[in-house]
Amino acid sequence: MKGIPEVALFDYGAGNLHSLGKALETGGAEVAIVADWDAALTRDALVLPGVGSFGAAVRSLQGKESLVRDALENGLPCLGICLGMQLFFETSEEGSGAGIGFIPGTVRKLRSRVIPQMGWNDVVPCPPTPGSPGFDPIFAGINGLVAYYANSYVCDPDSQRGTIAFTEYQGDRFPAGIRKKRTWGVQFHPEKSSAPGLTLIANFLKEVRK
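Everything in this summary refers to the structure shown in the same document. (Residues numbered from 1 in each chain as written. Predicted model: local features only at pLDDT ≥ 70, side-chain atom pairs only at ≥ 80, totals over all residues. Heavy atoms only, no water.)

Some details on the overall build of the chain
Within the chain one finds 6 helices and 13 strands. Computed over its C-alpha atoms, the radius of gyration of the chain comes to 16 Å, within 12% of the 17 Å expected for a compact globule of 210 residues. Per-residue burial for the chain yields a buried fraction of 51% across its 210 residues. For the chain, long-range pairs separated by at least 24 residues make up 73% of all intrachain contacts whose partners lie at least 6 apart in sequence. Summed over all atoms, the accessible surface of the chain reaches about 9,300 Å², with 51% contributed by carbon and sulfur. Put simply, the chain has 20 plus and 21 minus side-chain charges, and the middle of one group is 4 Å from the middle of the other. (Helix = DSSP H or I, 4+ residues; strand = E, 2+ residues; numbered from the N terminus. Rg over C-alpha atoms; globule rule 2.2 N^0.38 Å. Buried < 20%, exposed > 50% of the residue type's maximum accessible area, 1.4 Å probe, protein only. Contact = heavy atoms within 4.5 Å. Areas by Shrake-Rupley, 256 points an atom, 1.4 Å probe, with all protein chains shown as cover. Lys, Arg positive; Asp, Glu negative; His and termini not counted. Charge placed at Lys NZ, Arg CZ, Asp CG, Glu CD.)

In structure tokens, the structure reads:
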């Protein structure tokens, strides 16, 4: 696509979306905060923010799981942040209900002494696989990413094939980034991760424009 991408920033009914909306606008997007899945899926891209709990967020799906899953399968660009990344999975230890089910696996509690993880931590992109052009393009122009985390739960995919980055917290190593088709998920908060986080969001929007 050409021009300014129209991005739906989904509102689960909890948290302040202002900082994420501003980060998307800084990256060159036109942002609409929406609470209706049908309306959200008509935009050029979808962003699932990291606010709220898994149980409350899946209640907002209201039987739309297959609709959202089909849109992602068909190539709708999407960025899931923290909780938003966890919604791509099937179930979570945090609460009852089914996620979107786009990525096989579940969400588990951190195996660490101190929960939640609050603050800055390293993000280590996975090395390029044989035959690939390099690291995932969402990390383009970012060296030594240290990102802001605020999480008690992490994703546990059935396969690590789609994992594009890892983080370790108090001995617990978990996916910091995932990708499937044109859908990305990050466990950290790029909108709170200074200039490198804003670069990551801008990189996502570059992918949307392709």
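Points about the sheet that holds strand β6 (residues 105-109)
Read across the sheet, 3 strands follow the order β5-β6-β10 without closing on themselves; strand pairing throughout is mixed. The two strands at the open ends of the sheet, each matched to only one other strand, are β5 (91-92) and β10 (153-157). Of the strand pairs in this sheet, β5 and β6 are connected by 2 bridges, and their pairing is parallel. The partner of Thr-91 across the bridge, within β6, is Thr-106. (Pairing = 2+ DSSP bridges.)

Re the packing of aromatic side chains
Evaluated as defined, the whole model comprises 7 aromatic pairs. Ring centres of Phe-10 and Tyr-12 lie 5.9 Å apart, and the angle between their planes is 50 degrees; on these two criteria the pair is classed as tilted. Each member of the pair, Phe-10 as well as Tyr-12, carries the same accessibility label: buried. These aromatic residues form a ring-pair network of at least three members: Phe-10, Tyr-12 and Trp-37. (Phe/Tyr/Trp six-rings, centres within 6.5 Å; stacked < 30°, edge-to-face > 60°.)

Quick word on the pairing of β6
Summarising the sheet, β6 and β10 pair through 5 bridges and their orientation is antiparallel. Directly across from Lys-109, in β10, lies its bridge partner Tyr-153.

Observations regarding the nonpolar core
Side chains of a nonpolar character, in soluble globular proteins, are inclined to be buried together. Core analysis: the biggest nonpolar cluster contains 66 residues, and Leu-46, Val-47, Leu-48, Phe-88, Val-123, Phe-188 and Phe-204 have the highest contact counts within it. Residue contributions to this core peak at 5 residues, all from helix α6 (residues 194-209). (Core = buried A, V, L, I, M, F, W, Y, C linked by side-chain atoms within 4.5 Å.)

Observations concerning the environment of Phe-102
Turning to its location among the elements, Phe-102 is positioned in the loop between β5 and β6. Sequence spacing of Phe-102 and Gln-117 is 15 residues, and the spatial spacing of their C-alpha atoms is 26 Å.

Describing the sheet that holds strand β12 (residues 172-180)
Judged by pairing direction, the sheet is mixed, and its 8 strands sit side by side in the order β2-β1-β3-β4-β13-β12-β11-β8 without closing on themselves. Each of the sheet's edge strands pairs with one partner strand only, and the pair in question is β2 (30-34) and β8 (124-125).

Focus: helix α1 (residues 18-26)
Looking only at α1, the buried set comprises Leu-20, Gly-21, Ala-23 and Leu-24. Down the axis of α1, the smallest arc covering the buried residues is 160 degrees, so these residues share one side. Opposite the buried face of α1, at more than 90 degrees from it, the exposed residues are His-18 and Thr-26. Looking at the packing, one finds that the buried side of α1 touches β1 (6-10), β2, β3 (45-48), β4 (78-81) and α6. (Arc of directions from axis to C-beta.)

Some words on the side chain of Ser-92
Structurally, the position occupied by Ser-92 is in strand β5. Within the structure, Ser-92 has its side chain in polar contact with the backbone nitrogen of Glu-94 (distance 3.0 Å). Sequence-distant contacts of Ser-92, defined by excluding residues within four places in its chain, comprise Phe-54, Thr-106 and Val-107. (Polar contact = N/O pair within 3.5 Å; in protein donor to acceptor, adjacent residues only side chain to side chain.)

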